[in-house]
Amino acid sequence: MNQHVASGGLAEAIAALVSRFGDRALTGLSVRDLHAHDESHHPASRPDIVVFPSSTEEVAEIATIASRYRVPIVPFGAGSGLEGGAIPVAGGISLDTSRLDRILDIRPDDMIVRVEAGVRRQELNRQLRDTGLFFPVDPGADASIGGMVSTGASGTNAVRFGVMRENVLGLTVVTADGRIVRTGSLARKSSSGYDLTRLFVGSEGTLGIVTEVTLRLHPIPDAVSAIAGFQTLAGAVSAVIDIKRAGLSIGRVELLDEALVAVINRHETLDLAPLPTLFFEFHGNPESIAALSDIIAAIVADHGGTPLRWAKNADETRRIWETRRVALGWAKAERPGAHSWPTDVCVPLSNLADAVLETHADIRASQIPAYIVGHVGDGNFHCVFMSDPDDAQEQAEVHRLADRIVLRALAVGGTATGEHGVGLGKRVFQEAEHGAEAVAMMRTLKIALDPLNILNPGKILPDLADPLHSN
């Protein structure tokens, strides 16, 4: 047991939680196993207890108990994270936010909604549909809003609507010692005081526990989708850059390499050309998009693209984007027993083609199946390896290739993670990306807000991993 944990602290904390929360504080192996992992490749680690609060005040009570007995506390949303952010590597309390699931206030005239952290993204948009508004940040998975705040999520719509940091107006946060803090306001902008809201967005539960979120909403756009294949990956990326330079309103644009296109053609009826492919969505009324279609087609053709294939109706549009959503799942299923290991770099647009091509060369030289997909409109792309988790040689090779991708991004001023978060996997790159002084400042903030290091220990800052106890 680590020196941070008071003698007998864990047992006393568990007893206090069971006494207070009854059957919402569980220590059975099955529920602990469910909270021992996320969707990442990182090893599972069980919490000692799982607690299901139903209000901000109850979260504050749990934090107070955790602080009193110096026991780790790790928020758990939908479990869809890809960098191990919700894995309780030091054991302790897994705080499950699934019962914090109320939509508290929809304000259509202000284009704002306030929700609890456990609300799922898809359910929120179902509830918003009749208002003509939607919440655009779409990481693919049906993540919880609190989890999306935690990782600073992004996704296919970011090129038009921005990421979580641009769409979160305010938060309710519980501190390490159980205080309740509210940040931001209902105003669309503010220059008042330090920006505490953005401090907590992307902090992965290491500075405080998010329980409520005020979100910016957007009108549901008129949208038309199209598909084009390209002779080369470089041509596909360059076409996107030129379309953006021309000022055309891309709602989203997704790159799929030829290997993933081949998977789609084995599972779907889109009948794609066996080429690197772009899925486009253009926003605007049909007349304005039709007026620009010749310009778009010319740019695509200039970069070796096939004639644009426009979606004929809303059903075909839905099928295009549903295919993008499930394609990597199909790829994983083609190698039974495989585990996906996604990379998540983001680079300046001017360096994107080179980064993608060099990554493509790396995976072609490897025997491990891998696929490149990307939100190329904002420079973010993923290389997803489908590796055998029981083959140590394969795991070492994926680790080597994933590190090469990150170092390549950092060398051109990019980032190790565009949207998945730092979690466990990207801690080693923090100083290389941000510099020693910036990391020291992060460390100062962490110690100031969590002096006992009980909030999701072992994440983001490697020298503060210091597991409080092993389970």
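Being a predicted model, the structure only gives us computed values, none of them experimental. (Residues numbered from 1 in each chain as written. Predicted model: local features only at pLDDT ≥ 70, side-chain atom pairs only at ≥ 80, totals over all residues. Heavy atoms only, no water.)

Draft legend 1. Highlighting the overall build of the protein. Along its length, the protein carries 16 helices and 19 strands. The C-alpha atoms of the protein give 23 Å as radius of gyration, which agrees with the globular expectation for 471 residues (23 Å, within 12%). Seen through its C-alpha atoms, the protein measures out along the principal axes to roughly 70 × 55 × 40 Å. Put simply, the protein has 471 residues, and 53% of those count as buried. In the protein, of all internal contacts separated by at least 6 residues, the share reaching a separation of at least 24 is 71%. Charged side chains in the protein number 43 positive and 58 negative. The centres of these two groups are separated by 3 Å. (Helix = DSSP H or I, 4+ residues; strand = E, 2+ residues; numbered from the N terminus. Rg over C-alpha atoms; globule rule 2.2 N^0.38 Å. Buried < 20%, exposed > 50% of the residue type's maximum accessible area, 1.4 Å probe, protein only. Contact = heavy atoms within 4.5 Å. Lys, Arg positive; Asp, Glu negative; His and termini not counted. Charge placed at Lys NZ, Arg CZ, Asp CG, Glu CD.)

Draft legend 2. Spotlight on the sheet that holds strand 3 (residues 73–76). Spatial strand order, 1-2-4-3: 4 strands in an open sheet with mixed pairing. A single partner strand is all that each edge strand has here, and the edge strands are strand 1 (25–26) and strand 3. Where strand 3 lies against strand 4 (residues 93–96), 4 bridges are found, and the strand directions are parallel. Each bridged residue has a counterpart across the sheet, and for Ile73 the counterpart in strand 4 is Ile93. (Pairing = 2+ DSSP bridges.)

Draft legend 3. Broad picture of helix 13 (residues 349–364). With 16 residues, helix 13 should cover 22 Å at 1.5 Å per step; its first-to-last C-alpha distance of 23 Å lies within 8% of that length. Buried within helix 13 are the following residues: Leu352, Ala353, Ala355, Val356, Thr359, His360, Asp362 and Ile363. Lining the buried residues of helix 13 we find helix 9 (233–245), strand 13 (250–256), helix 10 (258–267), strand 18 (370–375), strand 19 (380–387) and helix 14 (392–411). (Expected span 1.5 Å × (residues − 1).)

Draft legend 4. Inspection of the confidence of the model for the protein at higher detail. Of the residues in the protein, 96% have a pLDDT of 70 or more, and the chain-wide mean is 93. Here residues 1–8 scores under 50 on pLDDT; set against residues more than four positions off or in separate chains, the count is 15 contacts. Counting contacts from residues 465–471, a segment whose pLDDT is below 50, to residues more than four positions away or on other chains yields 32 contacts. (pLDDT = per-residue confidence, 0-100.)

Draft legend 5. A look at the UniProt feature "domain: FAD-binding PCMH-type" (unreviewed entry) in the protein. According to UniProt, the "domain: FAD-binding PCMH-type" (unreviewed entry) feature falls on residues 43–220. Helix makes up 24% of residues 43–220 and strand 25%, whereas the separation of the span's terminal C-alpha atoms amounts to 40 Å. (UniProt positions renumbered as here; feature names shortened; annotations may be inferred.)

Draft legend 6. Inspection of the domain arrangement of the protein at higher detail. Under the domain assignment used here, the protein contains domain 1 (103–219) and domain 2 (223–411). Computed from C-alpha coordinates alone, the two centres of domain 1 and domain 2 are separated by 27 Å. The junction of domain 1 with domain 2 conceals about 830 Å² of combined surface from both sides, 53% of it contributed by carbon and sulfur atoms. The largest share of the area that domain 1 buries against domain 2 comes from Thr156, Val159 and Arg160, three residues that together contribute 63% of it. Linking domain 1 with domain 2 are 0 salt bridges, by the criterion used here. (Domains from an automatic or database assignment. Buried area = accessible area lost by both parts, 1.4 Å probe. Salt bridge = Lys/Arg side-chain N within 4 Å of Asp/Glu carboxyl O.)

Draft legend 7. Just the pairing of strand 5 (residues 103–107), in detail. Pairing analysis gives 4 bridges linking strand 5 to strand 6 (residues 112–116), with the strands arranged antiparallel. The residue bridging Asp105 from the neighbouring strand is Arg114, located in strand 6.

Draft legend 8. Examining the packing of aromatic side chains more closely. A full pass over the atoms with the stated rule returns 4 aromatic pairs. Between Phe282 and Trp310 the ring centres are 5.8 Å apart and the planes differ by 45 degrees, which places this aromatic pair in the tilted class. Of this pair, Phe282 sits in strand 14 (residues 277–283) while Trp310 sits in strand 15 (residues 309–310); the two residues are 28 residues apart in sequence, bridging distant segments of the chain. Members of the aromatic cluster, joined through ring pairs, are Phe280, Phe282 and Trp310. The ring of Trp321 has Arg252 lying over it, and the distance from NZ or CZ to the ring centre is 4.1 Å. (Phe/Tyr/Trp six-rings, centres within 6.5 Å; stacked < 30°, edge-to-face > 60°. Lys NZ or Arg CZ within 6 Å of the ring centre and 35° of its normal.)

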